[in-house]
Amino acid sequence: MITTDILIIGAGPTGLFAVFEAGLLQLKCHLIDALPQAGGQCSEIYPKKPIYDIPGFPEVLAGDLVANLMEQIKPFQPGFTLGERAETIQKMEDGTFVVTTNKGTEHNAPVIAIAGGLGSFEPRKPLLKNLSDFEDKGVAYIIKDPEVYRDQKVVIAGGGDSALDWSIFLADVAAEVTLVHRRNEFRGALDSVEKVQQLKNQGKINLITPAEVTELHGTDALESITIKKAGDTPEEIRLELDSFIPLFGLSPKLGPISDWGLEIEKNAIKVDNTLDYQTNIPGIYAIGDINTYPGKLKLILCGFHEATLMCQSAYQRIFPDKKYVMKYTTVGGVNGFDGSKKEAPKAVVKKIE
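Scoring rules and cut-offs
Residues numbered from 1 in each chain as written. Predicted model: local features only at pLDDT ≥ 70, side-chain atom pairs only at ≥ 80, totals over all residues. Heavy atoms only, no water. Buried < 20%, exposed > 50% of the residue type's maximum accessible area, 1.4 Å probe, protein only. Helix = DSSP H or I, 4+ residues; strand = E, 2+ residues; numbered from the N terminus. Pairing = 2+ DSSP bridges. Core = buried A, V, L, I, M, F, W, Y, C linked by side-chain atoms within 4.5 Å. Axes fitted to C-alpha atoms, helices over the stretch in contact; angles between N-to-C directions. Contact = heavy atoms within 4.5 Å. Salt bridge = Lys/Arg side-chain N within 4 Å of Asp/Glu carboxyl O. Parallel < 35°, antiparallel > 145°, perpendicular 65-115°, else oblique. Left-handed = near helix turned anticlockwise from the far one by under 90°. Right-handed = clockwise from strand over helix to strand, strands pointing away. Phe/Tyr/Trp six-rings, centres within 6.5 Å; stacked < 30°, edge-to-face > 60°. Lys NZ or Arg CZ within 6 Å of the ring centre and 35° of its normal.

Draft legend 1. Spotlight on the pairing of strand E18 (residues 243-246). Here E18 shows two buried faces, one formed by Ser 243 and Ile 245 and the other by Phe 244 and Pro 246. Two elements, strand E12 (residues 153-157) and E18, share four bridges in a ladder whose sense is parallel. The partner of Val 154 across the bridge, within E18, is Ser 243.

Have a look at this one:
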């Protein structure tokens, strides 16, 4: 059985940063993730997607953010159980928890931090009768490597952050980018909306709104689409293309976690955000996109904040008789994974009586 101080379910950015915050408090962490590598969606779905709202990084690729987080937590030597899904949880007589994966691996810890992002997920697909005929033959729901679209004619459908961000990014990669959205208003960040408008004015993005893709055409592969434009002058547009990418978000599913006795609201785990993001079961926390509370924003930045407060609470739970310490990072040295000397945070300690 694997034992640790904090067992983190989900090895995405929020889970990884929790390792760092726990390490400052000298708490050991072990992470479970169903994916074969750490990083969550940032590694599996969009490693080349630019992220703009990480402090100190005007722009960072999702994959690079994960690499930086992995480097940041190296000195604290977390354990990983990858390619296995957390299946069941059992509370023991001593107050600790045992989490067993779908492959039978058992983990024991006094604190559980669920950082599973959106949980398991699948892309939301448009209702087009022959859509499946062109999957992987011109239709894709996820962009892992933007170089695939180098010098192509690409049509993106959607009105959220992913559709806007990828339209902006591919404007410098593809031969032609067309963004189709069923409304004139977009749901994404205002800055991204303004960038798309600027690129449209510069002739780098074709913007068709309000409109939607209604038909796909092709034989062995996708060759063209029909776009129905609404508004005062409705019309149908037949557009030749190489790739059609509908980005309508993901349908999240909590999976086995939904059977753990946690309070669930709208497919997310309810937590107490007045203090530490603890669930209705003491000792089990939920941080990042998987949780919900009044005013919740599904941002990596918010997950980092939640992870920080969770670790402070976890320390008090694990060591109830010790004086609480708040730590501020400077620099010092600890051994890394490979046994070499690594620079890592030490702490200036402030006691709170």
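Draft legend 2. A look at the nonpolar core. Within the largest apolar cluster, 58 residues are counted, with the highest numbers of intra-cluster contacts made by Ile 6, Ile 8 and Ile 114. Residue assignment for this core shows that the elements contributing at least two residues are strand E2 (6-9), helix H1 (13-24), strand E3 (29-33), helix H3 (62-73), strand E8 (97-101), strand E10 (111-114), strand E22 (284-286) and helix H6 (300-318). Core analysis: the next-biggest nonpolar cluster, separate from the first, contains 22 residues, Val 154, Ala 163, Trp 166 and Ala 174 among them.

Draft legend 3. Highlighting the sheet that holds strand E14 (residues 206-208). Read across the open sheet, the four strands follow the order E14-E13-E12-E18; overall the sheet is parallel. The sheet is open, and its two edges are formed by E14 and E18, each paired on a single side. Going across the sheet, the axis of each strand differs from the next one's by a mean of 20°, ignoring polarity. Running over the sheet, helix H4 (residues 161-170) touches E12 and strand E13 (176-180) and is turned about 165° from E12.

Draft legend 4. Seen up close, the sheet that holds strand E16 (residues 222-229). Strand order in the open sheet formed by three strands is E15-E16-E17, and the pairing between neighbours is antiparallel. Only two strands of the sheet have a single neighbouring strand rather than two, namely strand E15 (211-218) and strand E17 (235-240). Averaged over neighbouring strand pairs, the angle between their axes works out to 25° when direction is ignored. Both E15 and E16 contribute to a ladder of seven bridges, which runs antiparallel. When the bridges of E16 are listed, Glu 212 appears paired with Lys 228.

Draft legend 5. Local environment of the pattern of salt bridges. The final tally for this structure, using the stated rule, is nine salt bridges. Glu 263 is paired through a salt bridge with Lys 270; the nearest N and O atoms lie 3.4 Å apart. For Glu 263, a relative accessible area of 38% gives the class partly exposed. A single network of salt bridges, built from pairs that share partners, joins Glu 263, Glu 265 and Lys 270.

Draft legend 6. Focus on the packing of H4 against helix H5 (residues 190-201). With their axes 9 Å apart at the nearest point, H4 and H5 run at an angle of 40° to one another. Comparing the axis directions of H4 and H5 gives the class oblique. Where H4 crosses over H5, the handedness of that crossing is left-handed. Note on element contacts: H5 touches H4 through Ser 192, Val 193, Lys 195, Val 196 and Leu 199, opposite Leu 164, Asp 165 and Ile 168.

Draft legend 7. Summary view of the pairing of E2. Because side chains alternate across E2, one face comprises the buried residues Ile 6 and Ile 8, and the other comprises Leu 7 and Ile 9, equally buried. With four bridges joining them, E2 and E3 adopt parallel strand pairing. Counted as the bridge partner of Ile 8 is Leu 31 from E3. Handedness of the β-α-β unit built from E2, H1 and E3 comes out right-handed. Bridging between E2 and E10 involves four bridges; their strand directions are parallel. Residue pairing across strands places Ile 8 opposite Ala 113, the latter belonging to E10.

Draft legend 8. Expanded view of the packing of aromatic side chains. Taken as a whole, this structure holds six aromatic pairs when the rule is applied. Ring pairs connect the aromatic residues Phe 17, Phe 20, Phe 76 and Phe 304, which therefore count as one cluster. The ring of Tyr 52 carries Lys 195 above its face, with NZ or CZ at 4.6 Å from the centroid.

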